[in-house]
Amino acid sequence: MTRVFSGVKPTGHLTLGNYLGAMRRWAAVDQHRSDALFCVVDLHALTVDHDPARVRRLSRQAASLLLAAGLDPELCTVFVQSHVDEHARLSYVLECVATDGEMRRMIQYKEKAARERVRGGSVRLSLLTYPVLMAADILAYGTDEVPVGEDQTQHVELARDLAVRFNQRYGHTFVVPRATSPAVAARVMNLQEPASKMGKSDDTGPGIVYLLDEPDVVRKKVMRAVTDSGRDVVYDPEERAGLANLLEILAACTDGEPAELAGGYDSYGALKKDTAEAVVEMLRPVRERHMELSADPGYVDGVLREGAEKARAMARPTVDDAYRAIGLLPPV
Ligand code: ATP
Ligand code: MG
């Protein structure tokens, strides 16, 4: 059976981008057709300036939102990365296969490091090595497919490269994974800055739709989305990024096709209104289920406990193999 692995970082409140680019497919498709693991990758949240209590809170909230979005612990494994030691154990070994040049070429490293510097902070070493830990997350489970938004494809490519290199040098150990992304809304853009990806750790609140935003807040954010001074509604991601973003969001929410949808509108206002309502309706059940789950933290804890046990048992043999293959003496 196809093995699928993916995750979200508890660096902020989950967004419409996370949902459309990743989580929605995990629940609707991946968990039903594969042997899938979904992870709150909390170690990755420590790569940038962070508040310990907030990371803990957001980890719990992310786990609850994964379940609220429809992940079913009977069908897939839901767990927290730091509960399974194998991720960090494998990461070190993969650091011995990766190069520093490779790390410095990663687009997200360049962007996030620049942002940390603008904020006057220093860049944590873990921000540079983050893609190696992500490769470990993926490779530890013999993953075939990694369903992610488009922004993560470079990191999955790196995981592929490291798997191939390790296998060539030390003997076949890892399955070589590949990224999969949705056909529409693989890269949801910030509503206020349509040239930038909507990211949960960005500062521009009004441009980001959070999964837990109240319906009226969602409406306001969508109605105020930056478009352009044109009048006609056409789908042109290069020249009319803000408009194209709204059409993609509407298409993703209604199972439509952006260019086709564009033909049905002759004003931005009507498009925005329909997009806002479509988003509100799509998020409604997720919010409601999250509220129910918040009232039952024991249930979420139980899912995470069981998930970590299952994940540990799956990762252990592969990580042990990697340790042996690279030359480490097995415990005597
Ligand atoms: P951060 O700003 O901390 O990097 P993020 O919003 O990018 O947060 P991640 O935890 O890095 O979220 O990514 C979780 C998943 O959501 C990944 O599969 C990623 O590709 C996807 N994703 C993130 N942002 C978007 C987006 N704007 N559009 C589509 N998919 C996205
Ligand atoms: Mg990200």
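Note that the structure is a prediction, hence the values are computed from the model and not measured.

> Hey, could you go over the overall build of the protein chain for me, with residue numbers and the actual values?
Helices and strands together make up the secondary structure of the protein chain, namely 12 helices and five strands. Taking 2.2 N^0.38 as the reference for a compact globule, 332 residues should give roughly 20 Å; the C-alpha atoms of the protein chain span a radius of gyration of 20 Å, in line with that estimate. When the backbone C-alpha atoms are referred to their principal axes, the protein chain occupies close to 70 × 45 × 40 Å. Across the 332 residues of the protein chain, 45% fall into the buried class. In the protein chain, of all internal contacts separated by at least 6 residues, the share reaching a separation of at least 24 is 76%.

> Which residues make up the pairing of strand 1 (residues 3-8), and what values go with them?
In terms of residue burial, strand 1 counts as a mostly covered element, since five of its six residues are buried. Of the pairings in the sheet, the one linking strand 1 to strand 2 (residues 35-40) comprises six bridges and is parallel in character. If you follow V4 over to strand 2, its bridge partner there is A36. Regarding topology, helix 1 (residues 16-33) serves as the crossover connection from strand 1 to the parallel strand 2, and that connection is right-handed.

> Can you explain the UniProt feature "binding site: L-tryptophan" (unreviewed entry) in the protein chain? Please cite residues and give values.
Here the UniProt feature "binding site: L-tryptophan" (unreviewed entry) sits at D137. Among all residues touching D137, those that are not within four sequence positions of it are F5, G7, C39, V41, Q81 and H87.

> Requested: an account of the nonpolar core, with residues and values cited.
Residues L66, V78, A135 and V279 are the most contacted members of the largest nonpolar core, which totals 98 residues. Mapped onto the domain boundaries, this core takes at least three residues apiece from domain 1 (3-181 + 296-326) and domain 2 (205-291).

> Describe the domain arrangement of the protein chain, and please don't skip the residues or the numbers.
Structurally, the protein chain comprises domain 1 (3-181 + 296-326) and domain 2 (205-291). Centre-to-centre, using C-alpha coordinates, domain 1 lies 29 Å away from domain 2. Listed per partner, the contact involves 10 residues of domain 1 and 10 residues of domain 2. Here the residues of the side of domain 1 that touches domain 2 are counted per class, giving seven nonpolar, three polar and no charged.

What counts and what doesn't
Residues numbered from 1 in each chain as written. Chains lettered and ligands numbered in written order. Predicted model: local features only at pLDDT ≥ 70, side-chain atom pairs only at ≥ 80, totals over all residues. Helix = DSSP H or I, 4+ residues; strand = E, 2+ residues; numbered from the N terminus. Rg over C-alpha atoms; globule rule 2.2 N^0.38 Å. Buried ≥ 20, exposed ≤ 12 C-beta atoms within 10 Å, placed from the backbone. Contact = placed C-beta atoms within 7 Å. Pairing = 2+ DSSP bridges. Right-handed = clockwise from strand over helix to strand, strands pointing away. UniProt positions renumbered as here; feature names shortened; annotations may be inferred. Core = buried A, V, L, I, M, F, W, Y, C linked by C-beta atoms within 7 Å. Domains from an automatic or database assignment. Nonpolar A, V, L, I, M, F, W, Y, C, P; charged D, E, K, R; others polar.

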